[in-house]
Structure formats: structure tokens, C-alpha cells
Amino acid sequence: MQKRFKYIAGVILFGIFIYLSILYFHVGEFLEETKRFFWESPYLIIGVMICYSLSFILRAEAWKLYFGNRVRFYSCLEGVLLSLFINHITPIKLGDAVRIGVLSIREKQVSPGESLQSVVVLRSIDMAMLLLFSFIGLIVFAKAFVFRYSILFIVILAIACLVGGILLWRFLPRFVHRQIQLVKTNLSGRKALLIFLMIAVSWALEGAVIWGVTSSMGSGLSIYKAIWVNSITVGGQIFQITPGGISTYESVMTAALTTFHFSIKDGYMAAIISHSYKFVFSYLAGMLLLLHSPVSKIKQIKEILVRRGL
């Protein structure tokens with residue numbers, strides 16, 4: 001049922017994207033705005049690159065800290081960036097499977113089970129931070145009807161998570177107890193606070209992309225509005241059915257930008273340029289990692305995906 005709902009929502013967003021593209025995509029205008037963002041504002045693009053890169057560095061550091069520094073930072077960064085790369089070349093989110101496998105292969109003292117558990121916990125924190133940013137933004141920025149339906153969605157999501165947790169506890173009590181113990185061990189006290197802070201800051205930094213794109217277009221958002229738009233957009237990627245979430249990203253971001261009186265055309269243009277930047281970044285990062293030791297990494301990724309039956 002959940003998969004069917006996700007697929008239907010993804011298809012609807014894909015249809016919206018096609019409709020927007022027919023109406024508003026013009027090659028000449030796209031190339032002009034892309035050139036302005038990438039080439040005509042060197043300080044702007046450098047600032048965006050630094051902020052966007054730092055967002056992944058912080059996530060890798062948070063992952064390393066979760067293990068109490070038992071793993072190397074480079075292994076964590078490699079897992080995070082390869083996950084990003086894989087998510088941008090496959091129609092469904094397979095990046096986490098690669099992230100889990102990379103760490104357990106590179107760090108022999110970490111079992112696949114531990115790696116899986118750490119990714120589940122950190123991805124849950126990711127979603128919690130995105131929901132927090134989104135919820136705050138909905139209260140401050142969004143129109144009343146958007147707010148009402150968004151609250152309803154959040155309530156339904158919370159109920160679904162609660163029911164899922166109860167079912168897990170009912171049928172797999174030993175598994176749940178072990179996960180709780182692992183979280184208590186790895187996510188407690190000052191370390192937990194630092195991990196939450198790093199992940200929150202990482203998502204805030206990712207908002208620099210849409211801030212930079214709208215600035216280059218001459219209709220710049222304030223950074224806190226850009227953070228909200230990014231949070232809503234990334235949250236919408238749970239409905240991804242195409243490589244890199246093409247269509248879901250553009251449709252959700254266009255809708256979010258209209259909240260700030262962007263025309264649909266300008267919102268759509270900002271969405272496809274910011275998404276283009278993220279594709280370029282993910283491909284460059286992935287290729288650089290693969291070039292570092294291409295044979296072993298391609299073999300590792302293939303092995304991980306085969307294990308997943310893909």
C-alpha cells in the first residue's frame with residue numbers, strides 16, 4: 001500500500017513536471033540563466049560550492065562521530081558521496097544500500113548490521129530535521145490552506161511511524177530492543193547533541209544552492225526562506241521514481257517558490273537550474289571517487305547492488 005501510494009504520488013508529480021516543461025521550458029532562456037549562475041558570478045558560485053560541499057562533510061563527520069570515531073572520516077565521506085552519486089543515476093533511492101556496504105567493506109570492525117543500523121538512525125535524524133525546518137516554515141510562510149493540508153500529512157506520517165514501531169515491537173521485540181540499546185550507546189549525551197547540530201547545519205547549508213540560483217536570477221530569497229524551500233523539496237524526494245528525483249524536485253520546488261510570490265515560470269526555472277547544479281556536483285564527486293580506484297570501487301558497488309537483488 002505504501003509503495004503504491006509513493007508510486008502514484010511520483011507519477012502525479014512527474015505529470016506536473018511534464019506540464020510545466022511544455023509551458024515554460026525554453027532552451028535559450030535556460031542556457032542564459034544557467035550561464036549567469038555558473039559563470040558570471042564567480043564569488044557566488046564559489047560560495048555555493050563551499051556551502052554545499054560542507055553540508056556533506058558535516059554529514060560524514062556526524063556519521064563518524066556516531067561510531068565514537070571507530071571509523072575513518074574518509075570512509076564515511078566516501079559512503080555519503082557515493083550514495084549521492086548512485087541516487088542520481090538510478091530511478092529509485094539505492095544510495096543508502098551503497099552507503100551501508102561501503103562502510104562495512106572499508107571498515108572491517110563494523111559489521112553490515114551495525115552499518116545498516118547507523119544509516120537508518122542518521123537518515124531518521126535527516127528526516128526529523130527536514131520536517132522541523134518544513135514545519136517551522138509552514139507556520140511562518142505558507143498560505144493557510146497549504147498549512148492545513150501539510151499538518152494533516154505530518155499527522156498521518158506520525159501515525160504511520162507510530163503504528164510501524166508498535167508492529168515491530170510486537171513481532172520483533174528482540175530486534176527492536178537491540179536497536180534501542182545501540183542507539184542509547186551511540187547516540188547519547190553531548191555526542192547526540194553534536195550529531196543533531198551537525199545534521200541540522202548540513203541541511204541549512206544545502207539551502208545555499210537555491211539561495212544562489214535565485215540571487216543570480218535577480219530575485220534572491222533570504223537564506224532562511226531558501227532553507228525552507230530546500231527542506232520542502234528534499235522531503236518531497238521520498239516520491240522519487242526517476243534518476244536523481246527529476247520531476248519530483250522541480251514540481252515541489254516550483255510550488256514552494258510560489259509561496260514567495262515567484263511566478264510559476266521563474267520558480268520552475270530556479271528549480272531546474274538548482275537541480276542541474278546538484279546533478280553536476282554528484283557526478284563530479286562520484287567520478288572523482290571512482291577514478292581514485294575505479295576497479296575496486298565499481299566492483300564494490302556492483303557487489304552491494306547484487307546483494308540487494310538489483
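Here, every reference points to the structure presented above.
Please read these numbers as outputs of a predicted model, since none were measured by experiment. (Residues numbered from 1 in each chain as written. Predicted model: local features only at pLDDT ≥ 70, side-chain atom pairs only at ≥ 80, totals over all residues. Heavy atoms only, no water.)

Enquirer: Residues and numbers for the overall build of the protein chain, please.
Expert: Secondary structure summary: the protein chain contains 14 helices and 0 strands in total. In sequence order, the protein chain lays out its α and β elements as α-α-α-α-α-α-α-α-α-α-α-α-α-α. Taking all 310 residues of the protein chain together, the buried fraction comes to 47%. Long-range pairs, those at least 24 residues apart, make up 72% of the contacts in the protein chain with a sequence separation of at least 6. Looking at the protein chain as shown, the accessible area adds up to about 16,100 Å², and 72% of this sits on carbon and sulfur atoms. (Helix = DSSP H or I, 4+ residues; strand = E, 2+ residues; numbered from the N terminus. Buried < 20%, exposed > 50% of the residue type's maximum accessible area, 1.4 Å probe, protein only. Contact = heavy atoms within 4.5 Å. Areas by Shrake-Rupley, 256 points an atom, 1.4 Å probe, with all protein chains shown as cover.)

Enquirer: Help me get a handle on the pattern of salt bridges, residues and values and all.
Expert: Applying the stated criterion across every chain, the model contains 10 salt bridges. Of the charged contacts in the structure, one is a salt bridge between arginine 70 and glutamate 114, with a shortest N-O distance of 3.5 Å. With arginine 70 in the loop between helix H3 (42-66) and helix H4 (73-87) and glutamate 114 in helix H6 (residues 112-140), this pair connects stretches of sequence that are 44 residues apart. Arginine 70 gets classed as partly exposed once you look at its relative accessible area, which sits at 36%. Between arginine 106 and glutamate 78 there is a salt bridge, with its nearest N and O atoms 2.9 Å apart. Of this pair, arginine 106 sits in helix H5 (residues 95-106) while glutamate 78 sits in helix H4; the two residues are 28 residues apart in sequence, bridging distant segments of the chain. Judged by its relative accessible area of 27%, arginine 106 falls in the partly exposed class. (Salt bridge = Lys/Arg side-chain N within 4 Å of Asp/Glu carboxyl O.)

Enquirer: Requested: an account of the packing of helix H2 (residues 27-38) against helix H10 (residues 208-216), with residues and values cited.
Expert: The geometry of H2 relative to H10 is characterised by a closest axis approach of 9 Å and an angle of 115° between their N-to-C directions. Regarding the angle of H2 to H10, the classification is roughly perpendicular. The way H2 lies across H10 gives a crossing that is right-handed. Of the residues in H10, those touching H2 at Glu33, Arg36 and Phe37 are Gly212, Val213 and Ser216. (Axes fitted to C-alpha atoms, helices over the stretch in contact; angles between N-to-C directions. Parallel < 35°, antiparallel > 145°, perpendicular 65-115°, else oblique. Left-handed = near helix turned anticlockwise from the far one by under 90°.)

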